[in-house]
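One-letter residues, chain by chain:
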Amino acid sequence: MKLANSIDRRHFVKTFAFATAYSSLLGQSWTNLIAGEVALQSAPSTGVLRLKLTDFPALQTESGSARIGINPLRGGGGGLMPDGNFYPIIVSRGPNNTFFALSSRCTHQGCTVDPLDSSTNEIHCPCHGSRYAIDGKRLGGPAPSALSKFPIAFDGNDTLTIQISSMAYTVTATSVPGSAKPRVRLDFRSFRNVDYEVQFRATLDQASSPVPFALTSEGALDQNVFSATSAASASLFVEPTTQTGFYLVTAKVVEL
């Protein structure tokens, strides 16, 4: 089911929906649960990113913009590139509470574009001068086409929901046999240079909270962040404290 600290991680946001439900009463994971947040995903390969406007001051005013990513950028004068699997997302605010979510990948040669310039209401590529409108439309320069767009919705209050293609992952939970205390193994595919946290909620209507985890089945529960150094399968181990509940593996989001 859908559901590495190299730079200053100023914002932490749940990026993907529920991964799995665990029941020690039943002695197995619930594999058929469809949580409300999962239903928001339009396709299995789509991840759901939720942002609070209060976490991003620039997005609280018209023509404000933020560049948001889950892995850092690298490079210098020749242009910045993602140091990982994903380009950042450019989120900008237009008039009348309209919002736009765009890929920061310039369609010319793949450099990372800057956030919206509020003085010109344009997005610029620092490499070769391509220019785009707030909605991603090409305005000039060598870029052959517009920036890619992502579906975005505003709840009218404080939350933006963005659907990002090819950014989802699956998490499964299984009981660990033979452990000194009941433990659950959370398996998921990690992405390079992304930091992950495990969260738990006892019921669907409760807010989730971070929980410590171990890196091995018998290891100490002394880990709070898992820093992925490669794109590979990852396993984290937790000890349930209630008979039923929901575990999430969330990725850290930072303004770049």
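Above this text sits the structure in question.
Right, let's walk through the structure included here. Model, not experiment: these values are computed from the prediction.

What to know about the pattern of salt bridges
And then number 1: Taken as a whole, this structure holds six salt bridges when the rule is applied.
And then number 2: Between Arg67 and Asp114 there is a salt bridge, with its nearest N and O atoms 3.8 Å apart. Residue Arg67 is found in strand S4 (residues 65-69), and its partner Asp114 is found in the loop between strand S8 (99-103) and strand S9 (122-124); the two are separated by 47 residues along the sequence.
And then number 3: On the basis of relative accessible area, Arg67 is assigned to the buried category, the value being 8%.
And then number 4: Residue Asp114 is classed as partly exposed on the basis of its relative accessible area, which comes to 30%.
And then number 5: For Arg131, the salt bridge identified is with Glu122, shortest N-O distance 3.1 Å.

Notes on the state of the cysteines
And then number 1: All chains considered together, the criterion is met by one disulfide.
And then number 2: Of the cysteine sulfurs around Cys106, a residue in no disulfide, the closest is that of Cys125, at 3.8 Å.

Some thoughts on the nonpolar core
Burial of nonpolar side chains together is a common tendency in soluble globular proteins.
And then number 1: Residues Leu51, Val91, Ile162, Leu186, Phe188, Tyr196 and Phe226 are the most contacted members of the largest nonpolar core, which totals 39 residues.
And then number 2: With four residues, strand S17 (residues 194-201) is the largest single contributor of residues to this core.
And then number 3: Among the nonpolar cores identified, the runner-up in size contains 13 residues, and Cys106, Cys127, Ile134 and Leu147 belong to it.

A few points about the packing of aromatic side chains
And then number 1: One pass over the full model with this rule turns up six aromatic pairs.
And then number 2: When the centroid spacing of 4.9 Å and the interplanar angle of 75° are considered together, the rings of Phe86 and Phe191 count as edge-to-face. Within this pair, whereas Phe86 is found in the loop between strand S6 (79-82) and strand S7 (89-93), its partner Phe191 is found in the loop between strand S16 (184-190) and S17, the two being separated by 105 residues in sequence.
And then number 3: Taking relative accessible area as the criterion, Phe86 reaches 11% and is therefore assigned buried.
And then number 4: The exposure class assigned to Phe191 is buried, which follows from its relative accessible area of 6%.
And then number 5: Three or more aromatic residues joined by ring pairs form one cluster here, namely Phe188, Tyr196 and Phe226.

Topic: the environment of Asn71
And then number 1: Inspection of the secondary structure assignment puts Asn71 in the loop between S4 and strand S5 (73-76).
And then number 2: Considered as a pair, Asn71 and Val253 are 182 residues apart in the sequence and their alpha carbons are 8.0 Å apart.
And then number 3: The residues touching Asn71, leaving out its near neighbours within four places in the chain, are Pro82, Asp83, Gly84, Asn85, Phe86, Arg192, Asn193, Val194 and Leu256.
And then number 4: A distance of 3.3 Å separates a polar side-chain atom of Asn71 from the backbone nitrogen of Asn85.
And then number 5: Engagement of the side chain of Asn71 in a polar contact is seen with the backbone oxygen of Phe86, the distance being 2.9 Å.

Conventions used here
- Residues numbered from 1 in each chain as written.
- Predicted model: local features only at pLDDT ≥ 70, side-chain atom pairs only at ≥ 80, totals over all residues.
- Heavy atoms only, no water.
- Salt bridge = Lys/Arg side-chain N within 4 Å of Asp/Glu carboxyl O.
- Helix = DSSP H or I, 4+ residues; strand = E, 2+ residues; numbered from the N terminus.
- Buried < 20%, exposed > 50% of the residue type's maximum accessible area, 1.4 Å probe, protein only.
- Disulfide = S-S within 2.5 Å.
- Core = buried A, V, L, I, M, F, W, Y, C linked by side-chain atoms within 4.5 Å.
- Phe/Tyr/Trp six-rings, centres within 6.5 Å; stacked < 30°, edge-to-face > 60°.
- Contact = heavy atoms within 4.5 Å.
- Polar contact = N/O pair within 3.5 Å; in protein donor to acceptor, adjacent residues only side chain to side chain.

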